Amino acid sequence: MQIYTSLDMRVQQAGIDAMAANAPVYISGQDFGVSGVTLEATTGRIISLVQNTTFNETASADPAKGQTSLVYAADQKYGNSNGLPPGSAYKLFTLIDWLEKGHSVNEVINGQNRIFNNFTVCGGPYPVTKEIANYGGVRGFTGTARQFTAKSLNSGYLAMAEQLDTCDINKVAERMGVHLADGTPAGGDPDRENKAEDNVPYESVLGSKNIAPIQMAGAYATVANKGIYCTPRAIDKVIGQDGEEMTLPESKCSQAIAPEVAATAAFALESVMQSGGTGVAGRPYDGVPVIGKTGTHQTFATSMTESSTKTTTMVWAGDVNSDVDFWMTRTYWNGIQMSQIRYTIARAMQGAANAAYGGDAFPQPDRNLTRQVLRDLPNVVGQPVDQATQTLRNAGFGVTVGEAVDNEA
């Protein structure tokens, strides 16, 4: 048989070289894994697939030496991996649902960190009692959805999600090709009676679900491809022993989100790769426009996803089991901080893809979805300062408390 893969060695070799230079095969005491994948956004073809470990599918495989048969980029069906938590990369689906519900990326929201207890899950209220921190202990700020995206602000996205339904957020993920590594839909088993437990707010917004990087790359490729999702595939052609071309598994492209929603989401994701954005270190700086999103899962893992209009790359690095304390920011290899290797590898892979495939300017965002949203100013006359401050912030206003002024009356 003759099997023609979709891998493009112009991109694949760049990924191999970047992996070898930046990612150790193993870290003592950790189930350390790094996975990189690049898709052709307009077709779903997998043009690069790299991993830090040494492949070994025999009984002698030694995880302590970085040997495994698991394909971290794929799910159980195509590599027996249990999936990897994308972290804040999953915020994409809150952003898409936000836009599909008619909200603007320039709408101002109170993104101050607090306990969020006004969530809706599958049509019903779902209060929570635990406060989730922002990265670096940032307290948050009142800002726009685009600003929250650039800074990957947890509290900002939770404030957005309070105005949505987390079941709808996960349905967006499903439309964009995402499922859990075991094949279960992103929103859980559809036959399960208590659907709320599969759509709890924090994991549905902040991405603690176990998902294959290929699925996440496919979702971001959908944004880059004007809302059209293409099934990821690794085989271009198979010629059988009789010399005849064999039928391949079905792969298709379909409109998953509206073009204007995709264009506006791209507009928000461009800010991630610009000065002040969390993904700027992964930018190739080769003249090809790129969008992107960073992801962090607690202290165990980080990811970098970036895309031109032609190709999409996702790199994930961390403890693949997340059952051992692993501080990415405190662990170094050859002088490289483990939380930073996502940038270097993603930049190399996307840069090689840009050189091979190019990329165009992203479409202009929708005017309605970028409109300025005006809000009524609440009357806080007579309220104590703390109460007035909270009232104004809840209405989406920034508040600065000045010095006391004598009443001239």
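Preceding block: the structure.
Keep in mind that this is a model prediction, so the values were computed, not measured.

Q: Sorry, what's going on with the nonpolar core here?
A: Taken as a class, soluble globular proteins show a tendency for nonpolar side chains to be buried jointly. Counting residues in hydrophobic clusters, the biggest one holds 66 residues, and the most contacted among them are Leu92, Phe93, Ile96, Met176, Val178, Met216 and Val223. In terms of residues, this core owes the most to one element, helix α7 (residues 213-224), which gives eight residues. With residues near it in sequence (within four places) discarded, Val223 still touches Leu92, Ile96, Met176, Ala262, Ala265, Ala266, Leu269 and Ile291.

Q: What am I meant to see in the state of the cysteines here?
A: Here a disulfide denotes one covalent bond, and it connects the sulfur atoms of two cysteines. A full pass over the atoms with the stated rule returns two disulfides. Here Cys122 is linked by a disulfide to Cys167, with a sulfur-sulfur distance of 1.7 Å. With the S-S bond torsion at -50 degrees, the cross-link from Cys122 to Cys167 turns out left-handed. On the criterion of sequence distance, the pair formed by Cys122 in the loop between β7 (119-121) and β8 (124-126) and Cys167 in helix α5 (residues 166-175) is long-range, its members being 45 residues apart. Judged by relative accessible area, which is 37%, Cys122 ranks as partly exposed. Since its relative accessible area comes to 7%, Cys167 is described here as buried. One disulfide in the model links Cys230 with Cys253; its S-S distance is 2.0 Å. A torsion of 115 degrees about the S-S bond marks the disulfide between Cys230 and Cys253 as right-handed. On the criterion of sequence distance, the pair formed by Cys230 in strand β10 (residues 228-230) and Cys253 in strand β12 (residues 253-255) is long-range, its members being 23 residues apart.

Q: Looking at this structure, how should I read a nonpolar patch on the surface?
A: A cluster of nonpolar side chains, namely Met1, Ile3, Ile235 and Met246, defines an oily patch on the protein surface of about 390 Å² accessible area. Among the structural elements, Met1 can be located in the segment before β1 (2-5). The class of Met1 is exposed, set by a relative accessible area of 62%.

Q: What should I look at first to understand the packing of aromatic side chains in this one?
A: Describing an aromatic ring pair means giving the distance of the ring centres and the angle of the ring planes. Applying the stated criterion across every chain yields a total of five aromatic pairs. Here the aromatic rings of Phe32 and Phe326 are separated by 6.0 Å at their centres, their planes lie at 85 degrees, and the arrangement is edge-to-face. With Phe32 in strand β2 (residues 32-40) and Phe326 in the loop between β15 (311-319) and β16 (332-333), this residue pair connects regions lying 294 residues apart in the sequence. Measuring from centroid to centroid gives 5.4 Å for Phe141 and Phe148, while their planes differ by 55 degrees, and the two rings are tilted. By relative accessible area, Phe148 is classed as buried at 0%. Geometry around Tyr357 places Arg10 over its ring, the cationic atom sitting 5.5 Å from the centre.

Definitions and cut-offs
- Residues numbered from 1 in each chain as written.
- Predicted model: local features only at pLDDT ≥ 70, side-chain atom pairs only at ≥ 80, totals over all residues.
- Heavy atoms only, no water.
- Core = buried A, V, L, I, M, F, W, Y, C linked by side-chain atoms within 4.5 Å.
- Buried < 20%, exposed > 50% of the residue type's maximum accessible area, 1.4 Å probe, protein only.
- Helix = DSSP H or I, 4+ residues; strand = E, 2+ residues; numbered from the N terminus.
- Contact = heavy atoms within 4.5 Å.
- Disulfide = S-S within 2.5 Å.
- Patch = residues over 30% accessible without salt bridge, like charges linked within 9 Å, V, L, I, M, F, W, Y side chains within 5 Å.
- Areas by Shrake-Rupley, 256 points an atom, 1.4 Å probe, with all protein chains shown as cover.
- Salt bridge = Lys/Arg side-chain N within 4 Å of Asp/Glu carboxyl O.
- Phe/Tyr/Trp six-rings, centres within 6.5 Å; stacked < 30°, edge-to-face > 60°.
- Lys NZ or Arg CZ within 6 Å of the ring centre and 35° of its normal.

By themselves, these are just geometric observations and shouldn't be taken as functional.
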